[in-house]
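Working through the structure, step by step
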Amino acid sequence: MQWTKQLKMMISGVLTVLSLVLALQARRPSCWVAALAMAVSSVGDGLLAGHPKCFASVRNKLTKGGIVFLAAHILYITALVLATGQRVETLLPHFWGPFAVFAGLTALHSVLYFFMKHDRPPLAFFAAAFCYLLTVGVHGAAAFCAAAQADGNFVLNAIGAALFFLSDASLLARKYGAISGECVTDFIWLTYIPAQLCLLLGFYLA
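Residues numbered from 1 in each chain as written. Predicted model: local features only at pLDDT ≥ 70, side-chain atom pairs only at ≥ 80, totals over all residues. Heavy atoms only, no water.

**What to know about a nonpolar patch on the surface**
There is a patch of nonpolar side chains on the surface, built from V101, L105, L108, V111, L112, F115 and M116 and spanning about 640 Å² of accessible area. Relative to the assigned elements, M116 resides in the loop between α4 (88-115) and α5 (123-149). (Patch = residues over 30% accessible without salt bridge, like charges linked within 9 Å, V, L, I, M, F, W, Y side chains within 5 Å. Areas by Shrake-Rupley, 256 points an atom, 1.4 Å probe, with all protein chains shown as cover. Salt bridge = Lys/Arg side-chain N within 4 Å of Asp/Glu carboxyl O. Helix = DSSP H or I, 4+ residues; strand = E, 2+ residues; numbered from the N terminus.)

Here's what the structure looks like:
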């Protein structure tokens, strides 16, 4: 499939409109924060696609997009806390198990796709990419924690966060030069789109 810039931006736009519709229907703070997270994600998609031109001075599009998506994941985590209605300190004891799994996967990703390569990207880029993927892992761990503590109400969020982790891990592996090809782009977007849908519907249905 040809994932043109126009198609990517159209998909992001449709997801953003959907998030606003769901937030208007639900009228819950968590859904509004999730809609904001989706809107921020759309900005990140635009930056990865090379828009707007005023940011052209920042050469690495992945750096620009990564910063914005980092904010989106923080917003999704905030929405999870609001949706569960529990205090952070109540959720924390159940958080560390899922986090250990995602942290281990992040470390494995680094070993496979960075440290085993001879032509490595700059160490500063690796450090930023590692911290970003670990933050996506924190989102995943929080979603699994919420699903376990809320009688499965946030199962869709857990699935969405896991798919988001897979999508971003593939994106970074491609940036490291470890994998390439159109099938990689297909995998990135065919996990990213369901990830966002699961997250938005998870907040709406919870």
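**Let's talk about the nonpolar core**
I11, Y76, L80, F164, W189, Y192 and F203 are the most contacted members of the largest nonpolar core, which totals 59 residues. Sorting the residues of this core by element identifies α1 (5-26), α2 (29-48), α3 (61-84), α4, α5, α6 (155-175) and α7 (182-205) as the ones contributing at least two each. The greatest single-element share of this core, amounting to 12 residues, is contributed by α5. Residues in contact with Y192, not counting those within four places in the same chain, are M38, S41, D45, F69, F164 and S167. (Core = buried A, V, L, I, M, F, W, Y, C linked by side-chain atoms within 4.5 Å. Buried < 20%, exposed > 50% of the residue type's maximum accessible area, 1.4 Å probe, protein only. Contact = heavy atoms within 4.5 Å.)

**Details of the packing of aromatic side chains**
Per the stated rule, a full pass over the model turns up 17 aromatic pairs. Consider the rings of F95 and F99, whose centres lie 5.4 Å apart with planes at 20°: the pair is stacked. Taken together, the residues F95 and F99, both in helix α4 and four residues apart, mark about one turn of the helix. As far as the burial class goes, F95 and F99 line up, both buried. By way of ring pairs, the aromatic residues F114, F115, F125, F126, F130 and Y176 are connected into one cluster. (Phe/Tyr/Trp six-rings, centres within 6.5 Å; stacked < 30°, edge-to-face > 60°.)

**Re α6**
Here α6 spans 30 Å end to end across 21 residues, near enough to the 30 Å set by a 1.5 Å rise per residue. Phi turns positive one or two residues past the end of α6, at G177, with a value near 85°. (Expected span 1.5 Å × (residues − 1).)

**Concerning unusual backbone geometry**
Even without a glycine there, the phi angle at R27 is positive, about 55°. Inspection of the secondary structure puts R27 in the loop between α1 and α2. Exposure remark for R27: the relative accessible area of 65% places this residue in the exposed category.

**With respect to α1**
Between its first and last C-alpha, α1 extends 32 Å over 22 residues, near the 32 Å set by a 1.5 Å rise per residue. Turning to α1, its buried residues number three or more, namely L7, I11, S12, L15, T16, S19, L22, A23 and A26. Contacts from the buried residues of α1 go to α2 and α7. R27, located one to two residues past α1, shows a positive phi value of around 55°.

**Quick word on the packing of α5 against α6**
Running from amino to carboxyl end, α5 crosses α6 at an angle of 165°, the nearest separation of the two axes being 7 Å. Here α5 is positioned roughly antiparallel relative to α6, judged by the angle of their axes. The chirality of how α5 crosses α6 is left-handed. Residues F125, A129, Y132, L133, V136, G137, H139, G140, A143, F144 and A147 of α5 form the contact with α6, whose participating residues are V155, N157, A158, A161, A162, F164, F165, D168, A169, L172 and K175. Its residues assigned to classes, the contact of α5 with α6 comprises 16 nonpolar, four polar and two charged. (Axes fitted to C-alpha atoms, helices over the stretch in contact; angles between N-to-C directions. Parallel < 35°, antiparallel > 145°, perpendicular 65-115°, else oblique. Left-handed = near helix turned anticlockwise from the far one by under 90°. Nonpolar A, V, L, I, M, F, W, Y, C, P; charged D, E, K, R; others polar.)

**Focus: the packing of α4 against α5**
Contact pair α4 / α5: the axes reach a minimum separation of 7 Å and the direction vectors enclose 145°. In the packing of α4 onto α5, the handedness of the crossing is right-handed. Grouping the amino acids of the contact of α4 with α5 by side-chain chemistry returns 19 nonpolar, seven polar and no charged.

**Comments concerning the side chain of T106**
Position of T106 among the secondary structure elements: in helix α4. Taking relative accessible area as the criterion, T106 reaches 1% and is therefore assigned buried. A distance of 2.9 Å separates a polar atom in the side chain of T106 from the backbone oxygen of F102. In this structure T106 touches F130, L133, L134 and F165, once residues within four positions along its chain are discounted. (Polar contact = N/O pair within 3.5 Å; in protein donor to acceptor, adjacent residues only side chain to side chain.)

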